[in-house]
Amino acid sequence: MNCQRLLSAMLLCLMLCLGLFSGCGSDVYIAKLALSGTAGTLDPQFAENQNSILVASNVFEGLLVEDPDGGLHPGVAEGYTVSTDGRTYTFQLREDACWSDGSAVTADDFVFAFRRLFGPGSVSPYAENLLSVQNAKAILAGEMQPEALGVRAADDHTLVLTLEKSDSGITTVLAQWYTAPCKESFFTEQKGRYGLEMRSTLYNGPYVISLYDAGKEIRLRQNPNYHSEQAAELYGINITLGSSDTLAAFTEGGSFYTQVPRESVDSLRDAVITEYADTTYALVANTSRSLLGNESVRLAICGAIDREGIAGVLPGDQSTTTDLVPETASERTLDYRDTAGHRAALTLTEDARTLFREGLAAEGEQKLPFTELLVPDTQTDRQAAGIIQGCWQNTLGASINVMPLAVDELWRRVYAGDYDMALLPLSDSTAMGLLENFASDTDRYRTGWKSEEYDALLDQAAAETGEQAVRPLAQAEQQLLRSGVVLPLYTSVSYYAVSSEVQGAWIDPGEGVIYIKYITKS
């Protein structure tokens with residue numbers, strides 16, 4: 001049966017399920033979801049807005065799909081083979097794979113999509129995840145054109161992907177939203193509007209967009225042209241954008257999912273609560289201020305802090321850590337912490353007080369000039385800062401002033417470089433994203449610290465894939481911690497609630513993705 005005939009048959013079934021005829025109208029379930037913020041482009045190769053990624057992940061599908069347990073299943077590809085050297089992947093596409101307009105999804109659609117990631121014109125932020133593909137690095141360096149990328153269509157239903165070298169993580173990359181296909185003829189017809197509105201977007205995933213208002217609401221409904229070994233369970237979802245209080249929407253039945261403040265967790269007794277350690281609170285030093293350019297002074301200040309004392313004032317949902325990159329961060333689709341392991345605690349070659357005095361002497365000083373520690377104005381952070389202040393006084397004989405600030409004011413001063421030291425909540429969905437903030441050419445927190453070795457490790461990671469990218473990042477993380485510019489102290493946990501009215505929701509808070517395909521009403 002061709003795609004057009006399948007479309008007619010599926011439309012009939014859809015009309016029955018909607019009750020336009022008779023039948024299963026009473027069984028149709030439409031979930032509700034309230035999100036803060038708006039949506040951006042739905043172009044899967046370039047969608048970066050978290051809400052856009054959520055939608056794109058449900059209206060597009062790549063060669064493979066990932067399940068809630070991290071396993072991979074056939075998507076548009078019904079199967080694939082790998083050459084003995086691990087460099088050539090040959091994918092057989094489903095013959096019934098269709099676009100939402102009824103036309104067939106072909107191997108050429110994937111070739112065009114992959115080339116779009118590498119330009120010309122603009123390069124996708126996700127291109128670095130496919131650097132293992134043949135000629136990808138040369139294309140990004142401007143030495144070759146995107147047409148040289150190691151991907152080709154052997155025929156309409158056979159796609160051949162050639163790598164520079166074996167990369168075990170490439171199959172996980174091929175299950176992400178940004179490796180979904182793109183139909184070249186439709187894309188060209190949109191004249192630059194592709195992904196910006198409902199009528200200028202073509203879908204091949206389990207859902208299509210039935211209403212699109214980027215600032216207010218997006219509605220998804222089952223795609224009648226979608227064919228898969230795992231059919232979509234949920235009929236549709238209404239997404240409200242720009243919500244000022246997603247928790248209120250959740251408690252009032254207007255959303256099946258929300259992030260929850262710690263103090264509200266116990267009140268949601270009927271909800272399923274999941275927690276993620278997604279933020280690291282770290283001491284960050286401005287090396288251009290108050291003798292903090294002296295490494296011995298910085299290391300002594302870090303080494304004098306008693307983590308066990310801090311642990312005593314932390315609430316039950318927080319704990320001390322020696323890792324800068326939080327547990328929820330990924331890298332090249334791998335779990336960063338599981339792959340990189342944990343960072344060792346800072347160790348000093350001599351006791352902190354001796355090291356501190358040597359640092360002062362090298363600067364021609366006998367005591368530390370006026371130095372201020374900025375901290376978030378919360379009870380936990382103020383108490384932790386009190387412990388830190390006491391450690392510095394008792395171990396180093398250094399009097400350092402603690403200044404609690406509202407979070408907005410804290411970040412304003414940090415971004416302006418107007419601080420000596422600051423206790424900062426650091427978080428990012430990827431390890432590279434967090435560590436790049438301390439690179440010489442970025443220096444987001446105005447630390448003034450520069451290290452050619454650190455920058456080289458980040459560059460090395462950017463040129464690698466899979467585990468080969470994680471190794472230099474782990475080395476960079478360790479080097480940063482040994483510099484005394486950053487000292488991770490404790491983690492913060494975020495809580496997410498899913499309504500007991502649904503089951504099967506698969507949520508990845510790190511990327512902001514909610515896969516609705518598997519949702520059913522409890």
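Reference entry: report on the structure contained in this document. (Residues numbered from 1 in each chain as written. Predicted model: local features only at pLDDT ≥ 70, side-chain atom pairs only at ≥ 80, totals over all residues. Heavy atoms only, no water.)

Some words on the pairing of strand 5 (residues 88–93)
- By the bridge criterion, five bridges tie strand 4 (residues 77–82) to strand 5 in an arrangement that is antiparallel. Each bridged residue has a counterpart across the sheet, and for Thr81 the counterpart in strand 5 is Thr90. (Pairing = 2+ DSSP bridges. Helix = DSSP H or I, 4+ residues; strand = E, 2+ residues; numbered from the N terminus.)

A few points about the sheet that holds strand 7 (residues 158–162)
- The strand order across the open sheet built from four strands is 4-5-7-6, with neighbouring strands paired in antiparallel fashion. Each edge of the open sheet carries a strand with a single partner, namely strand 4 and strand 6 (151–155). For this sheet, the mean angle separating the axes of adjacent strands, direction not counted, is 25°.
- The strands touched by helix 3 (residues 107–117) are strand 5, strand 6 and strand 7; relative to strand 6, the strand with the most contacts, the crossing angle is about 170°. (Axes fitted to C-alpha atoms, helices over the stretch in contact; angles between N-to-C directions. Contact = heavy atoms within 4.5 Å.)

Examining the nonpolar core
- Within the largest apolar cluster, 79 residues are counted, with the highest numbers of intra-cluster contacts made by Leu63, Phe114, Leu161 and Phe256.
- The element that contributes the greatest number of residues to this core is helix 3, accounting for seven residues.
- Those residues in contact with Leu161 that sit more than four places away from it in its chain are Arg87, Thr88, Tyr89, Phe91, Phe114, Val133, Gly150, Val151, Ile170 and Leu174.
- In this structure, Tyr336, Met432, Ala476 and Leu480 belong to the second largest nonpolar core, which totals 36 residues. (Core = buried A, V, L, I, M, F, W, Y, C linked by side-chain atoms within 4.5 Å. Buried < 20%, exposed > 50% of the residue type's maximum accessible area, 1.4 Å probe, protein only.)

Side note on the packing of helix 15 (residues 452–462) against helix 16 (residues 466–482)
- Two numbers describe how helix 15 lies on helix 16: the axes approach to 8 Å, and their chain directions differ by 160°. In terms of axis orientation, helix 15 runs roughly antiparallel to helix 16. Crossing handedness for the pair helix 15 and helix 16: left-handed. On helix 16, the residues that touch Glu453, Tyr454, Leu457, Leu458, Gln460 and Ala461 of helix 15 are Ala469, Pro472, Leu473, Gln475, Ala476, Gln479 and Leu480. (Parallel < 35°, antiparallel > 145°, perpendicular 65-115°, else oblique. Left-handed = near helix turned anticlockwise from the far one by under 90°.)

Remarks on the pattern of salt bridges
- In total, this model carries 20 salt bridges according to the counting rule given.
- As a salt-bridge pair, Arg289 and Asp420 come within 3.1 Å of each other at their nearest N and O atoms. A residue pair is termed long-range when its members are at least 10 positions apart, and Arg289 in the loop between strand 12 (272–285) and helix 8 (295–303) and Asp420 in the loop between helix 13 (407–415) and strand 18 (421–426) qualify at 131 residues.
- Judged by relative accessible area, which is 7%, Asp420 ranks as buried.
- Among the salt bridges present, the one from Arg298 reaches Glu295, with a minimum N-O distance of 3.8 Å. On the criterion of helical spacing, the pair formed by Arg298 and Glu295 is a turn pair, its members being three residues apart in helix 8.
- Since its relative accessible area comes to 4%, Arg298 is described here as buried.
- When its relative accessible area of 43% is taken as the criterion, Glu295 is described as partly exposed.
- Here the salt bridges do not stand alone but share partners, grouping Arg289, Glu372, Arg413, Asp418 and Asp420 into one network. (Salt bridge = Lys/Arg side-chain N within 4 Å of Asp/Glu carboxyl O.)

Things to note about helix 8
- Considered for burial, the residues of helix 8 that qualify are Val297, Arg298, Leu299, Ala300, Ile301 and Cys302.
- Where the residues of helix 8 are buried, they touch strand 12, helix 11 (352–362), helix 12 (379–396), strand 18, helix 16 and strand 19 (486–498).
- Measuring from the backbone nitrogen of Ser296 back to the side-chain oxygen at the start of helix 8 gives 2.9 Å, which picks out Asn294 as the cap. (Polar contact = N/O pair within 3.5 Å; in protein donor to acceptor, adjacent residues only side chain to side chain.)

Considering the state of the cysteines
- A full pass over the atoms with the stated rule returns zero disulfides.
- Sulfur of Cys182: no disulfide; nearest cysteine sulfur belongs to Cys98 and is 17 Å away.
- A residue is classified by how much of its surface remains accessible, and Cys182, at 0% relative accessible area, is buried.
- Of all cysteine sulfurs, the one in Cys391 lies closest to Cys302, which takes part in no disulfide; the gap is 12 Å. (Disulfide = S-S within 2.5 Å.)

A word on the sheet that holds strand 10 (residues 236–240)
- With respect to topology, four strands assemble into an open sheet ordered 1-10-9-8, the strand pairing being mixed. Among the strands making up the open sheet, the edge pair consists of strand 1 (30–34) and strand 8 (207–213). Strand-to-strand twist in this sheet, taken as the mean axis angle between neighbours without regard to direction, amounts to 15°.
- Across five bridges, strand 1 lies against strand 10 in parallel orientation. Within strand 10, the position partnered with Ala34 by the bridge is Thr240.
- Together, strand 1, strand 8, strand 9 (217–222) and strand 10 form the strand contacts of helix 2 (residues 50–59), whose direction differs from that of strand 8 by roughly 145°.

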